[in-house]
Amino acid sequence: MEFRVERRSGVPTYLQLVTQAKQALRLGTLRVGDQLPTAKTVVERTAINPNTVLKAYRELERDGLVEARAGLGTFVVRTLALPDSAATQELRAELESWMRRAASAGLGREDVDALLGDIADKTFGGDRT
Amino acid sequence: MTWLVWRRQRVAFLLVVAVVLVWVVVLTSGRQAYLAAPEPTDDFIALGMTRFGPFWGFGHSFLLITPLLLGLLTGAGLFSRDVEQQTHLFVLTHGVSRRRWWTSGVLIGCGVVLIAAAVLSAVASWAFAPLDVDAGESVLSPAKFGVSGIVPLAYTLFAFALAAAAGLLTRSALAAVVITVVGYAAVMIVLAGYLRVDYLPPMVVRGPIGGVEVVGGLQLNTSYVDGSGAEIGLEEAFRTLRGCYETHDSRTCLAQIGITEEQVTFQPDDRYWAFQAIESTILLLLSAAVLVVSAMRLRKDVPV
Amino acid sequence: MTDGTGVAVRADRLGKRYGARWALRDCSFELPAGRTAALVGPNGAGKTTLLMIAAGLLRPTAGTAEVTGSVGFLAQSKALYRTFRVAEMLRLTGRLEAAERWDGAYASRLVDEAGIDTERRVGRLTPGERARVAVALALGRRPDLLLLDEPLAELDPLARRQVMGMVLAEASGAGTTVLMSSHVIADVEEACDHLVLLRGGRVRVAGPVDALLDQHRLLTGPAGGAGIPAEAVVLASTAGRQTTALVRAAALPSPPAKSTSGLASARPGLEDLVMAYLQDANDGGAA
């Protein structure tokens, strides 16, 4: 995977790396056994301080998502991808049919995003990380 | 560091070689043309104009400033370009001391200009040899003296040293060129025009009026001497005796004011090598002085 | 090689005078080994002079600057021979440097990794490529301390990231201490973990970035600065009905006095901190 750093976002840089790694774990672009890019590679590509990268990797390690193996690198040990269960598939199908209805009712992408975000906020609380 | 100086100055060094080659061709062909020309006539003016006038005159004039050209080519950009473009910072932060940076440039530059000047001096002496016999000028005359022997080497060295030092001190090749041209001209005028004739006390020959003859050598002055041995200038005598000259011959008039002898002062030709050594030493000391001044800049805490 | 616990640069009342003008004066700071430090300050603050003294190119007029280990230096001009081919620059450096101190293979590899054809002439390279060649040549001597004078000046955004990425990646791999000057805080904000702030030839602030940020608070309150203890203020500015002040946390009353309780308090960003110290009226000692 490739990390991007948004310098003006106001979000601390290490947190941006953590978020991006978790996102990749959720979407399945990072899977168990995959190696995270070496700190050197990330530093080369993003020109951020190596300690920042190490801090992000330590945070991921604390969350039990990755594991540093001496001399080899940092590897994914747990994924955040949704379990591919029957329940997930059913939910997905329902959401797809709902989405079609929303589209035919004239809702645009942003309307849908706002609606979903609002409901998610009410259900899970305001914390979106 | 040697490699760097060669690589950096290679265009300048090639130009130096080109200048020397041009001179070799010009001097050789000039000599051939002179030797192939018909016997000289008695008409001195015609002789000067046609036979070796341009070659001899221009040849010597340009040879006298060639050391300046060689010095400028090798010296003006030697340090100034490094300092102007800050590339000396690269050299000085990659294991080279200031002293080594300066010394290698100076030594290689000196070597190149000395070899070039030596070749030029030798070729010029050879090419002008047949003409010099005909022209009958003293080897101490400004034109001949300055382009033969070891003096051209010393002038070249001085021009190089001045250009290199000025380039380092002003950090500008252009300023180095201007300073060197002015400094070289000043030194040459002072040495050749004023100091050279007095490097050693001139010889004096006295004899009856009209009877003193000096063969060869550089004649400096002719004057009259009265009975008490006092010297009287030709012009002074002429002014005093103007009335007398209208009615009497000069010898009679001169006798009236007690003048019985004339004297000639001159520098004999056999002092050639002594004079070469003296002038070269002066130029060497001047070169050393400007180089020392530039070396002192290295010790100062300016980001040379 | 440094062990990461020593001091890479120690300046003690360092001063440098050009004629009548002091370019540096009473500069004292320590840079621990292994840090990546930003040397920031406005133009003319003495950054180049300080780096040149540390590189041994200038002698200080007063005080001392001690540097541990070998030093690599990158001049702002990059100081490469523009008529030389890249290969010639590599060969030249190998000839200039003592054999035991020069890792030519490493420098060549860095140039190679940057994708630069060594047959090209230095003058024909883009500014970014030229900077990377210069960094490779500075790193080729395997320095314990790498001094960079405005390494990103005149580079486009992509080249900035490439050059900075190269410096950080190689320096962290070898444990090299880095001290880089810049007058653009955004260039060094993400890259550096240590700050040395120069102003008017003096060190105003020096220390680890995290600690410095922890030692300051950004207070926001009603205009007039009511309730903000004056002795703690580094710089206060008022816009409309609101006053913002950067203050030294240590000088705030503890526990928070009633007077300051109505103020919004936040940890400042590096830029807030730098800007405050560059503008404050106080010319006295460092924080």
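The shown structure was predicted, so the numbers you read here are calculated from the model rather than taken from an experiment.

**A look at the overall build of chain B**
Check the secondary structure of chain B and you find 13 helices and four strands. Taking the principal axes of its C-alpha atoms as reference, chain B extends roughly 85 × 50 × 30 Å. A total of 304 residues make up chain B; the buried ones form 49% of that total. Partitioning the contacts of chain B with sequence separation of at least 6, the portion at a separation of at least 24 is 81%. Accessible surface, chain B: about 14500 Å² in total, of which carbon and sulfur atoms supply 67%.

**Overview of the arrangement of the chains**
The pair of protein chains exhibiting the most contacts, out of two pairs of chains in contact, is chains B and C. A minimum C-alpha distance of 25 Å separates chain A and chain B, which share no contact.

**A closer look at the packing of helix H1 (residues 13-27) of chain A against helix H3 (residues 50-62) of chain A**
Residues and elements named next belong to chain A. Running from N to C, H1 and H3 point in directions that differ by 45 degrees, and their axes come no closer than 8 Å. In this view, H1 runs oblique relative to H3, as classed from their interaxial angle. Here H1 runs over H3; the crossing is right-handed. Residues Thr13, Tyr14, Leu17, Val18, Ala21 and Lys22 of H1 pack against Thr52, Val53, Lys55, Ala56, Glu59 and Leu60 of H3. Grouping the constituent residues of the contact of H1 with H3 by class yields seven nonpolar, two polar and three charged.

**Concerning the packing of helix H1 (residues 2-36) of chain B against helix H2 (residues 86-96) of chain C**
Helix-helix packing: each pair is described by the crossing angle between the helix axes and the interaxial distance. H2 of chain C packs onto H1 of chain B with a crossing angle of 145 degrees between their chain directions and a minimal axis gap of 9 Å. Mapping the contact onto sequence places Trp3, Leu4 and Arg7 of chain B in H1 of chain B and Glu88, Arg91, Leu92 and Arg95 of chain C in H2 of chain C. In terms of residue class, the contact of H1 of chain B with H2 of chain C is made up of three nonpolar, no polar and four charged.

**A short note on the side chain of Arg196 of chain B**
All names here are of chain B. Looking at the secondary structure, you find Arg196 in the loop between helix H9 (173-195) and strand E1 (203-208). Residue class for Arg196 comes out buried when judged on its relative accessible area of 5%. In terms of polar contacts, Arg196 uses its side chain to reach the side chain of Glu279, at 2.8 Å. With residues up to four places along the chain from it excluded, the contact list for Arg196 reads Pro142, Phe145, Tyr155, Leu191, Phe275 and Glu279.

**Quick notes on the nonpolar core**
Of all hydrophobic cores here, the largest spans 180 residues; its most connected members are Trp101 of chain B together with Met89, Leu92, Leu147 and Leu195 of chain C. Setting aside anything within four residues of it in sequence, one finds Trp101 of chain B in contact with Met1, Phe79, Asp82, Val83, His88, Val91, Leu92, Val96, Leu168 and Leu298 of chain B. Counting residues in hydrophobic clusters, the runner-up holds nine residues, among them Ile209, Ile232, Leu241 and Leu254 of chain B.

**What about the sheet that holds strand E5 (residues 71-74) of chain C?**
Residues and elements named next belong to chain C. Overall, mixed pairing links the six strands, which are arranged E5-E6-E7-E3-E8-E9 in an open sheet. The strands lining the two open edges of the sheet, one partner per strand, are E5 and strand E9 (202-208). Adjacent strand axes in the sheet meet at a mean angle of 15 degrees, parallel and antiparallel pairs treated alike. Bridge count for strand E6 (residues 145-148) against strand E7 (residues 177-182) is four bridges, and the pairing is parallel. Bridge assignment links Leu146 to a residue of E7, and that residue is Val178. Packed onto the sheet, helix H4 (residues 127-139) meets E5 and E6 and runs at close to 165 degrees relative to E5. This element, helix H9 (residues 270-279), spans strand E3 (36-40), strand E8 (194-199) and E9 of the sheet and lies at about 20 degrees to E8.

**Some words on the interface of chain B and chain C**
Across the contact, 25 residues belong to chain B and 27 residues belong to chain C. Taken together, both faces of the contact between chain B and chain C bury some 2300 Å²; the carbon and sulfur share is 61%. A per-residue breakdown of the area chain B buries against chain C is headed by Trp3, Phe90 and His94 of chain B, which together make up 31% of the total. Our count for the chain B to chain C interface comes out at one salt bridge.

**Some details on the pairing of strand E10 (residues 216-222) of chain C**
Residues and elements named next belong to chain C. Examined bridge by bridge, E10 and strand E12 (residues 242-248) share seven bridges and lie antiparallel to one another. By the bridge assignment, Leu219 is partnered in E12 with Ala245. In the sheet, E10 pairs with strand E13 (residues 264-266) via three bridges, with the strands oriented antiparallel. By the bridge assignment, Leu219 is partnered in E13 with Ser265.

**Structural notes on the packing of aromatic side chains**
As enumerated under the stated definition, the model contains nine aromatic pairs over all chains in all. When the centroid spacing of 5.0 Å and the interplanar angle of 75 degrees are considered together, the rings of Tyr272 of chain B and Trp273 of chain B count as edge-to-face. You can call Trp273 of chain B exposed: its relative accessible area is 54%. When the ring of Tyr81 of chain C is compared with that of Phe84 of chain C, the centres are 4.9 Å apart and the planes differ by 25 degrees; the resulting orientation is stacked. Take Phe84 of chain C: its relative accessible area is 0%, and that puts it in the buried class.

**Considering the confidence of the model for chain C**
Mean pLDDT for chain C: 88, with 91% of residues reaching 70 or above. The ipTM, which scores confidence in the relative placement of chains, is 0.88 for this predicted complex, and the corresponding pTM is 0.82.

**Thoughts on the interface of chain C and chain A**
How big an interface is tends to be reported as the loss of accessible area on association of its parts. Across the boundary between the two partners, chain C contributes 16 residues, which contact 14 residues of chain A. Carbon and sulfur atoms make up 46% of the area that chain C and chain A hide from each other, which totals about 1200 Å². Per-residue buried area on chain C facing chain A is highest for Arg161, Ala169 and Glu190 of chain C; these three make up 45% of the total on that side. There are one salt bridge connecting chain C and chain A. Glu170 of chain C is the partner of Lys40 of chain A in a salt bridge, and the nearest nitrogen-oxygen pair spans 3.3 Å. At the surface where chain C touches chain A, the tally comes to seven residue pairs in polar contact (both at pLDDT 80 or more). Counting residues per element, the ones that place at least two in the side of chain C that touches chain A are helix H5 (157-174) and helix H6 (185-189) of chain C. Per element, the largest residue contribution to the side of chain C that touches chain A is eight residues, and it comes from H5 of chain C. Of the residues that constitute the side of chain C that touches chain A, the class distribution is seven nonpolar, three polar and six charged.

Conventions and cut-offs
Residues numbered from 1 in each chain as written. Chains lettered and ligands numbered in written order. Predicted model: local features only at pLDDT ≥ 70, side-chain atom pairs only at ≥ 80, totals over all residues. Heavy atoms only, no water. Helix = DSSP H or I, 4+ residues; strand = E, 2+ residues; numbered from the N terminus. Buried < 20%, exposed > 50% of the residue type's maximum accessible area, 1.4 Å probe, protein only. Contact = heavy atoms within 4.5 Å. Areas by Shrake-Rupley, 256 points an atom, 1.4 Å probe, with all protein chains shown as cover. Axes fitted to C-alpha atoms, helices over the stretch in contact; angles between N-to-C directions. Parallel < 35°, antiparallel > 145°, perpendicular 65-115°, else oblique. Left-handed = near helix turned anticlockwise from the far one by under 90°. Nonpolar A, V, L, I, M, F, W, Y, C, P; charged D, E, K, R; others polar. Polar contact = N/O pair within 3.5 Å; in protein donor to acceptor, adjacent residues only side chain to side chain. Core = buried A, V, L, I, M, F, W, Y, C linked by side-chain atoms within 4.5 Å. Pairing = 2+ DSSP bridges. Buried area = accessible area lost by both parts, 1.4 Å probe. Salt bridge = Lys/Arg side-chain N within 4 Å of Asp/Glu carboxyl O. Phe/Tyr/Trp six-rings, centres within 6.5 Å; stacked < 30°, edge-to-face > 60°. pLDDT = per-residue confidence, 0-100.

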